[in-house]
Amino acid sequence: MPREEILVKRASFLVTAGVLGSLLVLPAPGLLAATAPAQAAATAGTASAPTGYTVTKGHAARLNQSAGGVSGLKTETPATSPFLDALRGAPTTDTGGDPGNAANATKASPETKALAKAAKNSSLHASSGASAPAANPAGTAKPGAAHAPGVSHAFNGVSDKDSQALIDSPITPPDQGLCVGTDTTLRGRPDAVWEPVNEAAQETTKTGAKLRPDVSLGTIFQDQYFIGDVRCVYDQPTQTFFFTEIGYPVASGPASDGNNTTVDVAAVNSRGAAEYQFDTSLNGTCFGDQPKTGFDKDALVISTDEYCGPDETTYEGAAIDVISKSQLASEAATVNDDEIGPVSIAGNPVTGLDPADNTGTGSDYFVDSTSFLGAADTPAPSAKTLDLSTLSDTGSVTTGQGTPRLESATLPSEKYVYPVPAASTGDGSTTTLPDGTVVTSETAIQPDDDRTSGPVNVVPDPRGGLDLWTAVDTALTPRGDRATRDGSAWFEISTAKQRVVDQGYTAVKGENLLYPAIDALRGGATAQTFTVTGPSVNPGIAYNDPVSGGPVKTVASGSGPHVSFADTDGGSRWGDYSMAVPDPDGSGIWLATEYIPPASDQDPYDNWGTYDFEVPSK
C-alpha cells in the first residue's frame, strides 16, 4: 500500500508531545446533506481469464510463545541497522515507485528511493523533542466517545498520539485494523475489540473500556524490525485472533537492499500467543508490500504486492501465502505454508489481490479491481470489471499432499474511476513546531486510488454459495452537484454464479466519502463506513446502509482540519483503508476508520485519530 510517513529522531526516536489549538468545530453529529446511492442493476456474465502462477512449499518455525498471551510478551522497541538508520534520515516524503500515489505525487529523488527500500510504507524525517506521554491505561475509555443515530456502541480508537506514546514516533496515515471476538487469554474470557493501527494496538470491551494497556505491534509480533500494514482477523471455531504485518527476519534484520521482507503472523488464543515469520521476498529479490489477510476453514491466506529489483522498479504481481490455520491455532513448533505467485491474470501482473474473510469452506476467494492490472505505476483512469479468483484445496497445506489451486474470472461491473484529491477544511497555513518541524493545515486530503484495499466480507447465500461484499473509492458527480467528488462504488459478488449480483454508488452532494468498507448480515442489513470531508466539513466519520439507499449519517464529527507534517502538493495522505467486520455473536457489524478526534487525543505532528462503532443487526 502507499507508504506512511513517520517522523523520528535518529538516536532516541523522541518527539514533542502536545495538542493543537484554534480548531474549527462542527455541529453535533446528524444527517448529512444528501445522498446519491445510484444503485445499478445486477451485472451478469463472466469472462474467462487464465491465471499464471507457481507454487512453492515451505514452513516457518515458531519464533516465540507466551502462555500468558499478549500480556506475557517481551516489550520490543524499534531496532537500528545501517539500512534503517539511513532510512530514518531520509529528508523528504517518498512517493516514488508506488501505485497509490501515481496520479497525484511528485517524483522522489534517487536518494530518497534508495533510502526507502526498508519499508515501502515508511518515509522518514528527522526531528527532536520531549518524551512521549504515557499510553492510555487499562480499565479506562478515551474521552469523546458518544453514541450516534442507529449505533449501539461507539468510542475513540487509536490515534497518532498513541503511536508516539508507544514507539516515540508520529506516523501517518493510519493503516486500519479491526477484529472482534472472545479473548480467552484474559480472566472471564471477555468479548474484545482489537484495533491495531500502524504500530499501536488497543484492546477494549465493546463499550470502549481498556482490557489492557496499549501495546506496540513490535511487541505483538516480537519483531524489532516491525514496519506496518497491519491486519487482524478472528476465527470463531478456534477462538483465535490472527494478526499480520510487514516485518524483517528477526535474526538478521533488513538486507542491504531491503528486499528480504517477511509477513509477521501472531496467533492469540487459550494456548497463549505465538509468533511466526513467512518469507514474502521471492527469495530475497522483492519487497512484499501491504499484506492483505483473509481465511477459510483450513488456511490463513495472505497476499502481498511484489516490488522487485535493486530499486524496486519492477512489479512482478501479487504473491499469496497459504498457511495452515490448524497449525497456527495450535501454536505448533513448525507451520506449513504454500507460496503461490507471482500471480498474473490474462498475462497481467495483479495488484491488490484482496482475500475474503472467513468463508467457512475449504476454499477462499480474492477480489481485485482491474484498473491496476499490469499497471502498477500508471493505473488506468477507470475500469468496468472486477477479477474474482478462487483458491481451492487449501487443506492440502496442512496435510502436505497436493497443492492449492487458483483460478480466475473477470466479471463485468459498474464503472469506477480513479479518485480525485478531496477538498477539506484546512486553509493551507503552516506552523513551525518547537523542534523546527513544519506542519500544514490541509486544504485537501488524498484518497490514494481505487484498489480493493479494505476487507472482502463473506455472507452465506441461502440459495447456494457465498456472497462477497467489497467497495472501492471512485470519483463521481453526486446527484444535484456540479463538481467531481469522491464516493463509494460497492459490490456484492456471488461465488456460485460467478458474477456481480448487486452494486451501486454512495455519494453526498458537496462532500467527499473516502475509504469505504462494507459488510452485510444474513438478515439483509448492510453497513458501510467512510471518512466524510468537504470545504465546510472537517474530516469525520459516517455510515449508511447502501443497499436500501439509506441516508449517510455522521457518527463522529471531526474537531478541526487535518494538520500534518507530511504535506505533499497541497494535500496529505489520508487513511489507506477502513474496516468492517461482523460481530461473531451476530449482533451487528463493527466498523472503524479515520477522523480528527477531540483535541485531547491529538498529536501536534499529525492529528489523525480513529473511531470504532457497531451498527446493530435489524
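Since the structure is predicted, the reported quantities are computational estimates derived from the model, not experimental observations.

The rules behind these values
Numbering of residues starts from 1 in every chain and runs along the sequence as written. Totals for whole chains, interfaces and linings use all residues, but because this is a predicted model, local features are given only for residues with pLDDT of at least 70 and pairs of side-chain atoms are given and counted only at 80 or more. Side-chain descriptors were evaluated using all non-hydrogen atoms of the structure, hydrogens and water having been removed beforehand. Think of it this way: any DSSP run of H or I at least four residues long counts as a helix, any run of E at least two long counts as a strand, and we number them from the N terminus. In the cavity and pocket records, a cavity denotes points on a 1 Å grid over the protein atoms alone where a 1.4 Å probe fits but cannot get out, a pocket denotes an open set with protein on both sides within 12 Å along at least 5 of 7 lines, and lining residues are residues with an atom within 4 Å of a point. Grid points are joined across faces, edges and corners, and a volume is the space filled by probe spheres set on the points. Three classes are used, and their members are as follows: Ala, Val, Leu, Ile, Met, Phe, Trp, Tyr, Cys and Pro are nonpolar, Asp, Glu, Lys and Arg are charged, and the others, Gly among them, are polar. For our purposes a nonpolar core is just a set of buried Ala, Val, Leu, Ile, Met, Phe, Trp, Tyr and Cys residues, chained together by side-chain atoms within 4.5 Å. Under the scheme applied here, a residue whose accessible area is under 20% of the maximum for its type counts as buried, over 50% as exposed, and between as partly exposed, the area being computed with a 1.4 Å probe on protein chains only. Any pair of residues with heavy atoms lying within 4.5 Å of one another is described as a contacting pair. Aromatic rings from Phe, Tyr and Trp, taking only the six-membered ring of Trp, are treated as a pair when their centres fall within 6.5 Å; an angle between ring planes under 30 degrees marks them as stacked, one over 60 as edge-to-face, and anything in between as tilted. Any Lys NZ or Arg CZ found within 6 Å of a ring centre and within 35 degrees of that ring's normal is scored as a charge over the ring. What makes a salt bridge here is a side-chain nitrogen of Lys or Arg within 4 Å of a carboxyl oxygen of Asp or Glu, nothing more. Only strands that DSSP links by at least two bridges are regarded as paired with each other. All axes are obtained by fitting lines to C-alpha atoms, using only the stretch in contact for helices, and the reported angles, taken between N-to-C directions, cover 0 to 180 degrees. A residue's pLDDT is the confidence the predictor assigns to it, expressed on a 0 to 100 scale.

Visitor: Pulling in residues and values, what's your account of unusual backbone geometry?
Guide: The amide bond that connects Thr172 to the next residue, Pro173, takes the cis arrangement and shows omega of -5°. Positionally, Pro173 belongs in the loop between strand 8 (171-172) and strand 9 (179-182). Of note, the bond from Gly341 into Pro342 is cis; its omega dihedral lies within 30 degrees of zero at 0°. Within the fold, Pro342 resides in strand 20 (residues 334-345). Positive phi is not limited to glycine here, since Arg189 has a value of about 45°. Relative to the helices and strands, Arg189 is located in the loop between strand 9 and strand 10 (191-197). One non-glycine residue, Glu331, lies in positive phi territory at about 55°. Examined against the element boundaries, Glu331 turns out to sit in the loop between helix 5 (325-329) and strand 20.

Visitor: Can you explain the layout of surface pockets? Please cite residues and give values.
Guide: Computed from the structure, the largest pocket encloses a volume of approximately 660 Å³. Lining the largest pocket are 30 residues; nearest its centre among them are Asn358, Val458, Pro582, Asp583 and Pro584. If you list the elements that add at least two residues to the lining of the largest pocket, you get strand 9, strand 13 (228-235), strand 30 (457-460), strand 34 (512-520) and strand 40 (579-582). Here the lining of the largest pocket gets 4 residues from one element, more than from any other, and that element is strand 30. Classifying every residue of the lining of the largest pocket gives 17 nonpolar, 8 polar and 5 charged.

Visitor: Explain the nonpolar core to me, using residue names and the numbers behind them.
Guide: Counting residues in each nonpolar core, the largest one holds 21 residues, and the members touching the most others are Leu388, Tyr416, Leu468, Phe491 and Ile493. For this core, the secondary structure elements donating two or more residues are strand 23 (364-369), strand 24 (382-392), strand 25 (405-417), strand 31 (466-476), strand 32 (485-494) and strand 33 (499-506). Setting aside chain neighbours within four positions, we find Phe491 in contact with Leu386, Ser413, Glu414, Tyr416, Leu468, Trp469, Thr470, Val472, Val500, Asp502 and Gln503. Counting 18 residues, the second-largest nonpolar core is a separate cluster that includes Ile220, Cys232, Phe243 and Ala273.

Visitor: Tell me about the packing of aromatic side chains, and please be specific about residues and values.
Guide: Scanning all chains against the criterion turns up 9 aromatic pairs. Measuring from ring centre to ring centre gives 5.9 Å for Tyr543 and Phe613, while their planes differ by 55°; the resulting arrangement is tilted. With Tyr543 in strand 36 (residues 537-544) and Phe613 in strand 42 (residues 609-616), this pair connects stretches of sequence that are 70 residues apart. Using a relative accessible area of 7% as the deciding quantity, one classes Tyr543 as buried. With a relative accessible area of 0%, Phe613 lands in the buried category. Ring centres of Tyr611 and Phe613 lie 6.5 Å apart, and the angle between their planes is 40°; on these two criteria the pair is classed as tilted. Each member of the aromatic cluster is reached from another via a ring pair, and the members are Tyr543, Tyr595, Tyr611 and Phe613. Sitting above the plane of the Tyr577 ring, Arg231 keeps its charged end 4.0 Å from the centroid.

Visitor: An account of the pattern of salt bridges is requested, with residue identities and associated values reported.
Guide: Within the structure shown, the criterion is met by 18 salt bridges. Linking Asp183 and Arg212 is a salt bridge whose minimum nitrogen-to-oxygen distance equals 3.5 Å. With a gap of 29 residues between them, Asp183 in the loop between strand 9 and strand 10 and Arg212 in the loop between strand 11 (200-204) and strand 12 (215-216) connect regions that are remote in the sequence. Taken individually, Asp183 and Arg212 each receive the classification buried, so the pair is uniform in this respect. Residue Arg573 is joined to Asp576 by a salt bridge in which the shortest nitrogen-to-oxygen separation is 2.7 Å. Owing to a relative accessible area of 1%, Asp576 belongs among the buried residues under this scheme.

Visitor: Can you lay out the sheet that holds strand 42 for me, pointing to particular residues and giving the numbers?
Guide: Hydrogen bonds between backbone groups are what pair the strands of a sheet, and the pairing can be parallel or antiparallel. Spatial strand order, 7-42-41-40: 4 strands in an open sheet with antiparallel pairing. In the strand order of this sheet, the two ends are held by strand 7 (153-159) and strand 40, each with one partner. For this sheet, the mean angle separating the axes of adjacent strands, direction not counted, is 20°. Note that strand 7 and strand 42 share 5 bridges and pair antiparallel. Of the residues in strand 42, the one forming a bridge with Ser159 is Gly609.

Visitor: Could you give an account of the sheet that holds strand 9, with specific residues and numbers?
Guide: Spatial ordering of the open sheet is given by 9-10-11-12, a layout of 4 strands whose pairing is antiparallel. Bordering the open sheet on either side are strand 9 and strand 12, each of which pairs with just one other strand. One ladder, built from 5 bridges, connects strand 10 with strand 11; its direction is antiparallel. Bridging across to strand 11, Val193 finds its partner in Thr204. The sheet strands contacting helix 3 (residues 160-167) are strand 11 and strand 12, and the helix crosses strand 11 at an angle near 110°.

Visitor: Report on the pairing of strand 28 (residues 438-441), specifying residues and quantitative values.
Guide: Look at any regular strand and the pattern is simple: side chains alternate between the two faces of the sheet. Inspection of the sheet shows strand 27 (residues 430-432) paired to strand 28 by 3 bridges, in the antiparallel sense. Bridging across to strand 28, Thr430 finds its partner in Thr440. Two successive antiparallel strands, strand 27 and strand 28, enclose a turn made up of 5 residues, where Gly436 displays a positive phi of approximately 95°. Sheet topology note: the strand 28/strand 38 (residues 563-564) ladder contains 2 bridges and is antiparallel.

Visitor: Describe the pairing of strand 34, with residues and values.
Guide: Extensive coverage of strand 34 is indicated by the burial of 9 of its 9 residues. Bridge analysis of strand 34 against strand 35 (residues 526-534) gives 7 bridges, and the strand direction is antiparallel. By the bridge assignment for strand 35, Ala517 is matched with Thr529.

Visitor: Can you tell me about the confidence of the model for the protein, naming the residues and giving the values?
Guide: Confidence in the prediction of the protein, expressed as mean pLDDT, is 82, and 78% of residues score 70 or more. A low-confidence stretch, residues 6-46 (pLDDT under 50), is modelled with 162 contacts involving residues beyond four sequence positions or located in other chains. Low pLDDT, under 50, characterises residues 87-140; the predicted model gives this stretch 184 contacts beyond four residues in sequence or across chains.

Visitor: Describe the environment of Pro237, and please don't skip the residues or the numbers.
Guide: Turning to its location among the elements, Pro237 is positioned in the loop between strand 13 and strand 14 (240-247). By relative accessible area, which is 69% here, Pro237 ends up exposed. Remark: the alpha-carbon pair of Pro237 and Gly360, spanning 123 residues in sequence, is separated by 9.7 Å.

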